Amino acid sequence: MNLVSPDIPGLVWAYRFRPGEGATRIPSDAPVSAIAPGDGWVWVHLALSDSRTPGLLERICDMPRAALTTLTSADTQASVLAEDGVVFGTLVDFERTFDEMTKTIGWLNFAVSDRMIVTTRLHPLRSIDRVKAVVEKNPRCARPIDLFDMIVTEFQRTLIGLVLELTEDLNVLEDEVYGGAGHNSQPRLAPLRRTAVRLHRHLRTVLALLRRAATAEEDEVPPEFLDVAERLCDRLEAVDRDVFALQERARLLHEEIDSKLSSETNRHLYILSLMTAFLLPPTLVTGFFGMNTSDLPLAGGVHGTLIAGLFILASMGFAWTILKRIGIL
């Protein structure tokens, strides 16, 4: 079997869903007519890394021009729009490599009609691969909007897993900071805070867009989309609260680290100030006896150096007494 089809450029996978039969995977070497809407409905997942993908979408998709533009865009901003019975936009996800799941944010473009759902991406994504595994194992999608619901639900589960990972990392950092590590934990806290802030920002954007799309007229969106959008908003709202709580914990921990750093800096300055206060009087004594002037005291005596040393010790004792009286020591 050819893994790259000249007829379907950029194809990652495609499935046809027939009533009562579940999902059937369309071979990668199938002709382009195999993924056109026909019996049942289809899910086509394409890679934007192939420059021929926009031309393929023109051939297989009977969708508004704005939807086709969204499917081929490289935008890094979430969006959810509705037009002529089609819901389309860009959702946030997480990239993956061949051997690990990353925390790098990726983007999934989608378009959902009553007969077809098309998704495109530039890099492999976590949630969409999990949806594919669920579809192959136990398909539960009677309509394209059900698959869209599954995609967002898997993204929610991915978010929950990521929040748990970040929470574990934050717990370790908190133990270190409150245990005395202080500034040593600051470099590891920065990427955690950055991830939490970006997640919260994108989640709030997706929630606002879904709520706006849920207010559209029924003839502008696929059947049952309004109910699905309301359900997805509730799920994402719960995850967003967890992300926001994590962001607040990270902010408070950052403030605690800053406080420890300030305390340590003040302690160092305090020690330096004490050293300066103790050494200043002896410096004045040595400066006085080091002057090249006539009739300098102790210059001709036998025990001049010893007496000068006693002057130095006396000056240090005098400085200690003064610092003790004013409460610095």
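Residues numbered from 1 in each chain as written. Predicted model: local features only at pLDDT ≥ 70, side-chain atom pairs only at ≥ 80, totals over all residues. Heavy atoms only, no water.

Draft legend 1. Looking closely at the overall build of the chain. The number of helices and strands found in the chain is seven helices and seven strands. Across the chain, helices and strands are ordered from the amino to the carboxyl terminus as β-β-β-α-α-β-β-β-β-α-α-α-α-α. Computed over C-alpha atoms, the radius of gyration of the chain comes to 35 Å, more than 25% over the 20 Å expected from 2.2 N^0.38 for 329 residues, which places it beyond the range of a compact globule. For the chain, the C-alpha atoms occupy an extent of roughly 115 × 40 × 35 Å along the three principal directions. Counting over 329 residues, the chain shows a buried share of 42%. Carbon and sulfur atoms make up 56% of the accessible area of the chain, which amounts to about 17,600 Å² in all. With 34 positive and 43 negative side-chain charges, the chain shows a separation of 5 Å between the mean positions of the two kinds. (Helix = DSSP H or I, 4+ residues; strand = E, 2+ residues; numbered from the N terminus. Rg over C-alpha atoms; globule rule 2.2 N^0.38 Å. Buried < 20%, exposed > 50% of the residue type's maximum accessible area, 1.4 Å probe, protein only. Areas by Shrake-Rupley, 256 points an atom, 1.4 Å probe, with all protein chains shown as cover. Lys, Arg positive; Asp, Glu negative; His and termini not counted. Charge placed at Lys NZ, Arg CZ, Asp CG, Glu CD.)

Draft legend 2. Layout of empty space enclosed by the protein. Per the stated rule, a full pass over the model turns up one cavity of 30 Å³ or more. Taken as a whole, the largest cavity encloses approximately 90 Å³ of empty space. The wall of the largest cavity is formed by L91, V92, D93, L108, F148, I151, V152, F155, V206, L210 and L236. Every element with two or more residues in the lining of the largest cavity is listed here: strand 5 (86-96), helix 4 (144-178) and helix 5 (186-214). Among the elements that make up the lining of the largest cavity, the one with the highest residue count is helix 4 (four residues). Taken together, the residues of the lining of the largest cavity sort by class into ten nonpolar, no polar and one charged. (1 Å grid on protein atoms, 1.4 Å probe; cavity = no way out; pocket = protein on both sides within 12 Å on 5 of 7 lines; lining within 4 Å. Points joined across faces, edges and corners; volume = space filled by probe spheres on them. Nonpolar A, V, L, I, M, F, W, Y, C, P; charged D, E, K, R; others polar.)

Draft legend 3. Just the confidence of the model for the chain, in detail. Summing up the model confidence of the chain, the mean pLDDT is 81 and the portion of residues at 70 or higher is 91%. For the chain, per-element mean pLDDT is lowest for helix 7 (residues 304-325), which scores 79, and highest for strand 7 (residues 116-121), which scores 90. (pLDDT = per-residue confidence, 0-100.)

Draft legend 4. Focus on the environment of L46. With respect to the helices and strands, the residue L46 is situated in strand 3 (residues 41-47). Along the backbone, L46 and A14 are 32 residues apart, and their C-alpha atoms lie at a distance of 8.6 Å. Discounting chain neighbours no more than four positions away, the residues touching L46 are P9, G10, L11, V12, T53, L56, L57, V118, T119, T120 and R121. (Contact = heavy atoms within 4.5 Å.)

Draft legend 5. Representation of the nonpolar core within the structure. If you look at the biggest cluster of nonpolar residues, it comprises 59 residues, and the most contacted ones within it are W43, L147 and F148. Elements with a minimum of two residues in this core: strand 1 (11-18), strand 3, strand 5, strand 6 (101-112), helix 3 (126-137), helix 4, helix 5 and helix 6 (225-289). Top element by residues in this core is helix 4. It accounts for 14 residues. Excluding its chain neighbours within four sequence positions, the residues that come into contact with F148 are L91, F110, V112, I117, F225 and L232. Listed in part, the 23 residues of the second largest apolar core include A14, V42, L57 and L71. (Core = buried A, V, L, I, M, F, W, Y, C linked by side-chain atoms within 4.5 Å.)

Draft legend 6. View of the packing of aromatic side chains. The final tally for this structure, using the stated rule, is five aromatic pairs. On the numbers, 6.1 Å between centres and 25° between planes, the contact of Y15 with W43 is stacked. In this pair, Y15 is assigned in strand 1 and W43 in strand 3, connecting sequence segments 28 residues apart. Both residues of the pair, Y15 and W43, count as buried. With a centroid separation of 6.2 Å and 25° between ring planes, the pair formed by F94 and F155 is classed as stacked. Taken together, the residues F94 in strand 5 and F155 in helix 4 connect sequence positions 61 residues apart. Take F94: its relative accessible area is 0%, and that puts it in the buried class. F155 sits in the buried class, given a relative accessible area of 6%. Taken together, W13, Y15 and W43 form an aromatic cluster joined through their ring pairs. Above the ring of W13, the side-chain terminus of K132 is found at 5.5 Å from the ring centroid. (Phe/Tyr/Trp six-rings, centres within 6.5 Å; stacked < 30°, edge-to-face > 60°. Lys NZ or Arg CZ within 6 Å of the ring centre and 35° of its normal.)

Draft legend 7. Region of the structure containing the packing of helix 4 against helix 6. Put simply, helix 4 and helix 6 touch, their axes get as near as 10 Å, and they point 15° apart. Accordingly, the angle class assigned to the pair helix 4 and helix 6 is roughly parallel. Remark: the crossing between helix 4 and helix 6 carries left-handed chirality. Per-class residue counts for the contact of helix 4 with helix 6 are 22 nonpolar, four polar and eight charged. (Axes fitted to C-alpha atoms, helices over the stretch in contact; angles between N-to-C directions. Parallel < 35°, antiparallel > 145°, perpendicular 65-115°, else oblique. Left-handed = near helix turned anticlockwise from the far one by under 90°.)

Draft legend 8. Spatial organisation of helix 7. Here helix 7 spans 31 Å end to end across 22 residues, near enough to the 32 Å set by a 1.5 Å rise per residue. Listed in full, the buried residues belonging to helix 7 are G304, A308, S315, A319 and L323. Taken around the axis of helix 7, the buried residues stretch over an arc of 100°, which confines them to a single face. Exposed and facing more than 90 degrees away from the buried side of helix 7 are L306, L313 and R325. Remark: G327 follows helix 7 within two positions and exhibits a positive phi of approximately 85°. (Expected span 1.5 Å × (residues − 1). Arc of directions from axis to C-beta.)

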